[in-house]
Amino acid sequence: MSHTDRRKKRLPLSFSLLYALPVFAAGAPVLAQAAVTSPSSETRAAAPKKVSVHKVRAGKATAQKTSTQTLAPQTVRKQNVVQAPSSARTIQQARGAGASAAGGTETVEVTGSYLRQGRNTSPNPVQIITSREIQQTGITNVGDFLQRMPSIGSSGTGNADTNGGDGVGCVDLRNLGSSRVLVLIDGKRVTQTGMSGGSCVDMNTIPVMAIQSIEILKDGGSELYGADAVSGVINIKMRHDINTGAINVRGDITQRGDNKTGLISAYKGWNFDHDRGNITLMGQYDTVGGVMMKDRAWSRNPQTSNGMNPGFGSVISTSGTVFSPDGTPIYNGNSAGGSSPYSKSSRYNYNKDTSLLNNTQNASLMGDAHYDFSKHFTLYSNVMYSHKTSWTQMAPIPAIGSVAPSDLPSTIYLPTGYPGNTAGDIYNDPDNPAYLYRRMAEFGTRKSESAVDSLTAKVGANGEIIAGWMYDASFTFGSTMSSFQTSGVGDYNKLMREWGLDAVTPGDSNTLLAYNPNSCVGYAGCVQSSALGPLSPEAAQYANYTEHDHSQYTMRDFNARIHNDHVVHMPYKGGGDLGIALGMEHRGEQMSYHPDPLIAQGGSLTNTVLPTGGGFNVSEAYLEGNLTLLHNVPFAKNLSIDGQGRFSSYNTFGTTYNWKAGINWSPTRDVAFRGTLGTSFRQPSVSELYGGTLMSYNGANDPCDMTQITNYGGRQSTVMANCMKQGINPANFQQGGSGQVATLNGGNAKLQPEIGRTYTFGATFTPHWIPGLSTSASFWHYSVSHSISALSTQYVLDGCYTGSDPSMCSNITRSASGQINTVSALNANLGSLTTSGVDWDLSYRFRVTDADWFMVENNFQRLVSYKQQMVPNGPHYNYLGSITYQSQGTSNPTVRDYATLTWHHNNFSVTYMMQYMSGMHWNDGTNTIYKSQGYGRVKTPAMVLQDLTFNYNLKRWNFQFEIQNLADKQPPFLVNTSSNSNDSTYGGWYAGRSFLLQAGVNF
């Protein structure tokens, strides 16, 4: 029955409402939230009505085209529609070209626009990834799949980030950072993580089986979608209008027997009231077992320096290391509570206790419903909920003193006369004693666990107003509540009490310490112990501590829009239509972070985190117009222009206006040329503004360290002089942090917005004489001014000690022992950032026999430039083809490529997948390094990652077997003080060769 026929066969309204009750039930949480929302609660622009090019009733179709959906909010889901591909266009969008090779003029929804346009008429570069491509990789979460795409950068967070990552998957586009890419689900905003250190959409919480396609707008989108779409938009399109069911089961294990992964997912949909309504339910549960560093030979022994004579492990041993006042390790503690001469053999290998890949578990549920009352009113609702837990392990925590803003002793001095303190016999100056670093093995390994509950719920209505004018209004509510627990962090006060060390000047963090042999008297459970010997189980129980932190993020988004694709027709031969879309949005975001009280006071041995909270709201209006100047005339199959503008009013920063202009010219049906030019504006996120100040151990080397100073080449004399001015002799001084420096990161309420500009131009070629072939090329350029970020720890240190930026010295504090206490690197408005490159995409499907056909697909990126200015008016650093080798480093490979080749033979298929990444030169964050400067290694080689998948369909069943990392290629070596590689760049290589088996059934 056609859509029109169904409308003629009306049921009584009361009977229709009876069927519609499930729709209202799905939207009830959102309606309730909207009812209590304050006047400042948010709105967001409404979605375009989805128009079917080729209608297929759910559950009845036997062959479907690839679908295309706008990045604008999409709400009309009356049919399980499959649309012809748009030409906006990397070539995945042209996969359906064979079905319309004659170059039809049907209108479709084009990504990057709120208007429906004809094929080959959009100026926006968009990549579409189908569910088939996602499923054939065997991935468990969306973030891991997107990391294969050449346009996805290394500034995000993945499952290989085990130090503070909390199992969160943040995506990054063009290496501009996860805060500059907007992630949507079905064109609507979605809840973020709301963590103190930074907020993003957690890709790990999105059920993979529920995804129909992913669309990547590889162009700025601030002028249409909002301020945080600086680098582009990633829209995840979910399945709707399902009238069938399916169950899928998957298992994955590495050839070494770890990282056991399991997944079970299912969905079922029901049409009702003669297909006027639909309810769809989906669920997924997955678990990832994780990998330990000790179980991979390449990560087993952490290298901590990059000189010609590299160091391994940490000087902070489980027996305790005593340093002389000038920073030289001289003694180790022993089991008898005394000391023995220091030996490198006592250095601690912390990787034997540390996770390489996180353990995660995730349960996701999604409910979707809609009911078509009439052509003027369709009510829809969608609710998505996930509960995710993650677990990771790190080495026992070191006791090295307090960190600001704590007023506890910042250095654990061993006073003369302390039992077993042999150093006191040599360094008996009471004003300049030896000091102790000790790793608390008695507390056990640090186990960090997180539990995150995320909810995104939306309800809305759309339909036709009159004469082709359509409306869409919706409300979206998002909330994320997170709990974090870390065991083994220790209570600093209780530990010092058991060691008999009292502050000479209480409340002064630079105080010396005095020995008190009766410090435990009057404290129940306290056991008098020695700092140079092991704690008894009873003493460890008294001084140990488990922290508990909580955070919450809330978003409210209300939007309304009207649009008409055919407002007026041009009054001349070959003229086309003018389409107009306009709307309003009001959005608010709030976050709060509540650390453990002991952590906030700086009373533990771990990172100090302060409580925080805040938010903002913004009211916006936007306008888009698309005019087809010429259509189906000589030398102009299509000539159209597109203009977009968005006015925003923030309660924090005032008003701004952003615009974008685009042009598309198709001289023939086989080729289309396009170009865009636009501006961007990004307000700081709530995390960047109000995130609490926390301490993290970033990868960096103290310039005054005896091994690091030899790497500065011609700058060595300057570094030496600046270290000596602070009473540090680099000839024998050793950094206590083993390649890591305590760094204060956090929000800055004084941040100002970023501004930027983007332009792209390119062409798409779909020759009708080669059916199934499509190729496209694009040049893109981004520039961002007043960029919001935190300086790298190494940049701050080098700026101070090499003299390149003396103002950085004020951000460095050292304890009286000379060791770095903290480096301050809070969020700030830095200088400019520019990057440009070329994308080339190819898709070719061809048949060789009646039973055999092939599909070749390729996505290629060539980076042309990547330059960043760290401070306003400062120098521009060229990061093209380089990788910041220390931990938390990013990379900018010159060439990246992802290619697939599929052979189909009846119900059997084989797919070969290959990722390529060019080699890179190492960079320490401020300059490219060379062996002539004294460094040991300075480059990584080109890398290839290969997967092979076999699929077989047997009636309703589907079976899949996959070998991931076919060649068992290990990641390249980098000195990052942790895994000996770079997790944000090479995380896909970390697990090694893996085997996957999957079975699914449709019903």
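Residue indices begin from 1 for each chain and proceed along its sequence in written order. pLDDT decides what is reported in this predicted model: residues at 70 or higher carry local features, side-chain atom pairs at 80 or more are listed and counted, and totals for whole chains, interfaces and linings draw on all residues regardless. The basis for every side-chain value is the complete set of heavy atoms in the structure, and neither hydrogens nor water enter the calculation.

*Asks:* Even after reading the chapter, I still don't get the overall build of the protein, so can you show me in this structure?
*Replies:* In this text, helices come from DSSP runs of H or I with a minimum length of four residues, and strands from runs of E with a minimum of two, each type numbered from the N-terminal end. Tallying secondary structure elements over the protein gives 13 helices and 48 strands in all. Taking the contacts inside the protein whose residues are at least 6 apart along the sequence as the reference set, 74% of them involve residues at least 24 apart. Total accessible area on the protein stands at roughly 34900 Å², and carbon and sulfur atoms take up 59% of it. Contacts are residue-level and defined by heavy atoms, with any inter-residue pair within 4.5 Å sufficient. Computed with a 1.4 Å probe, the accessible areas rest on the Shrake-Rupley method; for each residue, only the protein chains presented here act as cover.

*Asks:* What am I meant to see in the nonpolar core here?
*Replies:* Residues belong to one nonpolar core when they are buried, are Ala, Val, Leu, Ile, Met, Phe, Trp, Tyr or Cys, and are joined through side-chain atoms within 4.5 Å. Under the scheme applied here, a residue whose accessible area is under 20% of the maximum for its type counts as buried, over 50% as exposed, and between as partly exposed, the area being computed with a 1.4 Å probe on protein chains only. In terms of nonpolar packing, the biggest core is built from 35 residues, with Val322, Ile412, Met440, Phe443, Leu495 and Trp499 touching the most fellow members. Elements that contribute at least two residues to this core include exactly strand E12 (321-323), strand E13 (329-333), strand E19 (435-439), helix H7 (492-498) and helix H8 (537-543). With residues near it in sequence (within four places) discarded, Met440 still touches Pro396, Ile397, Ala399, Leu495, Trp499, Leu535 and Leu605. Ile185, Ile211, Ile216 and Tyr898 belong to the second largest nonpolar core, which has 34 residues in total.

*Asks:* Got a minute to help me understand the packing of aromatic side chains in this structure?
*Replies:* Aromatic ring pairs are defined here through the distance separating the ring centres and the angle between the ring planes. Think of it this way: a Phe, Tyr or Trp ring, Trp meaning its six-membered ring, pairs with another when their centres are within 6.5 Å, and the plane angle makes it stacked under 30 degrees, edge-to-face over 60, tilted otherwise. Following the criterion strictly, the structure yields 27 aromatic pairs and no others. Centre to centre, the rings of Tyr986 and Trp989 are 5.7 Å apart; their planes meet at 70°, and the pair counts as edge-to-face. Like Trp989, Tyr986 is buried. One aromatic cluster is present, formed by Phe272, Tyr371, Phe373 and Phe377 through successive ring pairs. Consider the ring centre and the ring normal. A charge sits over the ring if Lys NZ or Arg CZ is within 6 Å of that centre and within 35 degrees of that normal. In this arrangement the basic side chain of Arg174 is found over the ring face of Trp780, its NZ or CZ atom lying 3.9 Å from the centre. The ring of Trp853 has Arg845 sitting right over it, with the charged end atom 3.7 Å from the ring centre.

*Asks:* Help me out: how do you make sense of the pattern of salt bridges in this one?
*Replies:* Pairing is possible between side chains that carry opposite charge, provided their charged atoms lie close to one another. Any carboxyl oxygen of Asp or Glu that lies within 4 Å of a side-chain nitrogen of Lys or Arg is treated as forming a salt bridge with it. Counted by the stated rule, this structure contains 24 salt bridges. Linking Arg116 and Asp565 is a salt bridge whose minimum nitrogen-to-oxygen distance equals 2.5 Å. In this pair, Arg116 is assigned in strand E2 (residues 116-118) and Asp565 in strand E24 (residues 547-569), connecting sequence segments 449 residues apart. Judged by its relative accessible area of 8%, Asp565 is buried. Ionic contacts of the salt-bridge type, sharing partners, join the residues Arg189, Asp228, Glu585, Arg587, Glu589, Glu620 and Arg646 into one network.

*Asks:* Would you mind going over unusual backbone geometry with me for this structure?
*Replies:* The phi dihedral of Asp241 is positive, around 55°, even though this residue is not glycine. Counting through the fold element by element, Asp241 comes out in the loop between strand E7 (232-238) and strand E8 (245-254). Residue classification places Asp241 among the buried positions, given a relative accessible area of 3%. A positive phi angle, close to 50°, is found at Asn259, a residue other than glycine. Position of Asn259 among the secondary structure elements: in the loop between E8 and strand E9 (261-272). A relative accessible area of 12% means that Asn259 is categorised as buried.

*Asks:* Please clarify how the pairing of strand E32 (residues 754-765) should be interpreted in this entry.
*Replies:* As a general feature of sheets, a regular strand has side chains that alternate between the two faces. Side chains Glu754, Gly756, Thr758, Thr760, Gly762 and Thr764 project from E32 onto a buried face, and the interleaved Ile755, Arg757, Tyr759, Phe761, Ala763 and Phe765 project onto a face without burial. Bridge analysis of E32 against strand E33 (residues 773-785) gives 11 bridges, and the strand direction is antiparallel. Within E33, the residue paired with Arg757 across the bridge is Ser783. Strands are treated as partners if at least two bridges between them are detected by DSSP.

*Asks:* Would you take a moment to explain the sheet that holds E12 for this structure?
*Replies:* In a beta sheet, neighbouring strands pair by backbone hydrogen bonds and run either parallel or antiparallel. One open sheet holds the five strands; their spatial order is E14-E13-E12-E19-E18, and the pairing between them is antiparallel. Each of the sheet's edge strands pairs with one partner strand only, and the pair in question is strand E14 (339-341) and strand E18 (398-399). Pairing of E12 with E13, which is carried by three bridges, proceeds in the antiparallel orientation. Residue Phe323 lies in a different strand from E13, and its bridge partner there is Pro329.

*Asks:* Would you take a moment to explain the sheet that holds strand E5 (residues 188-189) for this structure?
*Replies:* Strand order across the open sheet formed by five strands is E3-E6-E7-E4-E5, with mixed pairing between neighbours. The two strands at the open ends of the sheet, each matched to only one other strand, are strand E3 (126-130) and E5. When strand E4 (residues 181-185) meets E7, the two strands line up parallel, connected through five bridges. Bridge pairing links Val181 to Gly232 in E7.

*Asks:* So what exactly am I meant to see when it comes to helix H11 (residues 716-725) here?
*Replies:* All of the buried residues along H11 are Val719, Asn722 and Cys723. The buried residues of H11 occupy an angular sector of 100° when projected down its axis, which confines them to one face. Seen from the open side of H11, the exposed residues pointing more than 90 degrees away from its buried face are Ser717 and Lys725. Where H11 is buried, its residues touch helix H12 (793-801). The positive-phi residue at the C-terminal boundary of H11 is Gly727, with phi of around 75°. Taking the helix axis as origin, the arc is that swept by the directions to the C-beta atoms.

*Asks:* How do you make sense of the state of the cysteines when you look at a structure like this?
*Replies:* Covalent bonding between the sulfur atoms of two cysteines defines a disulfide. Note that a disulfide, as used here, is simply two cysteine sulfur atoms within 2.5 Å. Following the criterion strictly, the structure yields four disulfides and no others. Paired through a disulfide, Cys800 and Cys809 show a sulfur-sulfur distance of 2.0 Å. Since a negative S-S torsion denotes a left-handed disulfide, the Cys800-Cys809 link at about 100° is right-handed. Residue class for Cys800 comes out buried when judged on its relative accessible area of 5%.

*Asks:* Looking at this structure, I do not really get the environment of Val856. What am I missing?
*Replies:* Within the fold, Val856 resides in strand E39 (residues 852-869). The spatial distance from the C-alpha of Val856 to the C-alpha of Thr911 is 9.8 Å, given a sequence separation of 55 residues. Every residue in contact with Val856, bar those within four places of it in the chain, is listed here: Leu842, Ser843, Tyr844, Phe846, Thr900 and Leu901.

*Asks:* How should I be thinking about the side chain of Thr802 in this particular structure?
*Replies:* Relative to the helices and strands, Thr802 resides in the loop between H12 and strand E35 (812-814). A relative accessible area of 12% means that Thr802 is categorised as buried. The term polar contact refers here to a pair of N or O atoms within 3.5 Å; inside protein, the definition further demands a hydrogen-donor-capable atom paired with an acceptor-capable atom, and it admits residues adjacent in sequence only when both atoms are side-chain atoms. Here Asp798 takes part through its backbone oxygen, which lies 2.4 Å from a polar atom of the side chain of Thr802. A polar atom in the side chain of Thr802 sits 3.2 Å from the side chain of Ser804. Residues in contact with Thr802, not counting those within four places in the same chain, are Tyr712, Arg715, Thr718, Val719 and Asn722.

*Asks:* Is there a simple way to think about a nonpolar patch on the surface in this case?
*Replies:* Residues with no salt bridge and a relative accessible area higher than 30% make up the patches, which join like charges within 9 Å and nonpolar side chains (Val, Leu, Ile, Met, Phe, Trp, Tyr) within 5 Å. Nonpolar side chains collect at one region of the surface, where Ile247, Val249, Ile264, Tyr285 and Phe1003 lie side by side and expose about 440 Å² of accessible area between them. You can see Val249 is positioned in strand E8. Judged by its relative accessible area of 43%, Val249 is partly exposed.

*Asks:* Honestly, the environment of Val975 in this entry has me stumped. Any pointers?
*Replies:* As for its position among the elements, Val975 is in the loop between strand E47 (957-964) and helix H13 (983-986). Placed 276 residues apart in sequence, Val975 and Gly699 show a C-alpha to C-alpha distance of 9.5 Å. Other than its neighbours up to four places away in sequence, Val975 contacts Gln303, Thr304, Ser305, Asn306, Tyr885, Gln886 and Trp922.

*Asks:* So what exactly am I meant to see when it comes to the pairing of E33 here?
*Replies:* Relative to strand E38 (residues 833-847), E33 is paired through 12 bridges, and the arrangement is antiparallel. Pairing of Ser774 across the sheet is with Ser843, part of E38.

*Asks:* What exactly am I supposed to notice about the side chain of Asn664 here?
*Replies:* Take Asn664: it is sitting in strand E28 (residues 654-668). Here Ser122 takes part through its backbone oxygen, which lies 3.1 Å from a polar atom of the side chain of Asn664.

*Asks:* Help me understand H12, please; the structure alone is not making it clear to me.
*Replies:* Three or four residues apart is the spacing at which side chains of an α-helix point the same way, because the helix has 3.6 residues per turn. Most of H12 sits inside the fold, with nine of its nine residues counted as buried. Those residues of H12 lying buried are Thr793, Gln794, Tyr795, Val796, Leu797, Asp798, Gly799, Cys800 and Tyr801. Packed against the buried residues of H12 are strand E30 (694-699), H11, strand E31 (740-745), E35, strand E36 (820-824) and strand E40 (876-878). Positive backbone phi, approximately 85°, marks Gly803, located one or two places after H12.

*Asks:* It is not clear to me how the environment of Ser213 should be interpreted in this structure. Could you clarify?
*Replies:* Structurally, the position occupied by Ser213 is in strand E6 (residues 211-217). When the C-alpha atoms of Ser213 and Ile128 are compared, they prove to be 6.8 Å apart, with 85 residues separating the residues in sequence. Contacts of Ser213, omitting those with residues within four sequence positions, involve Ile128, Ile129, Thr130, Ser131, Asn235, Ile236 and Lys237.

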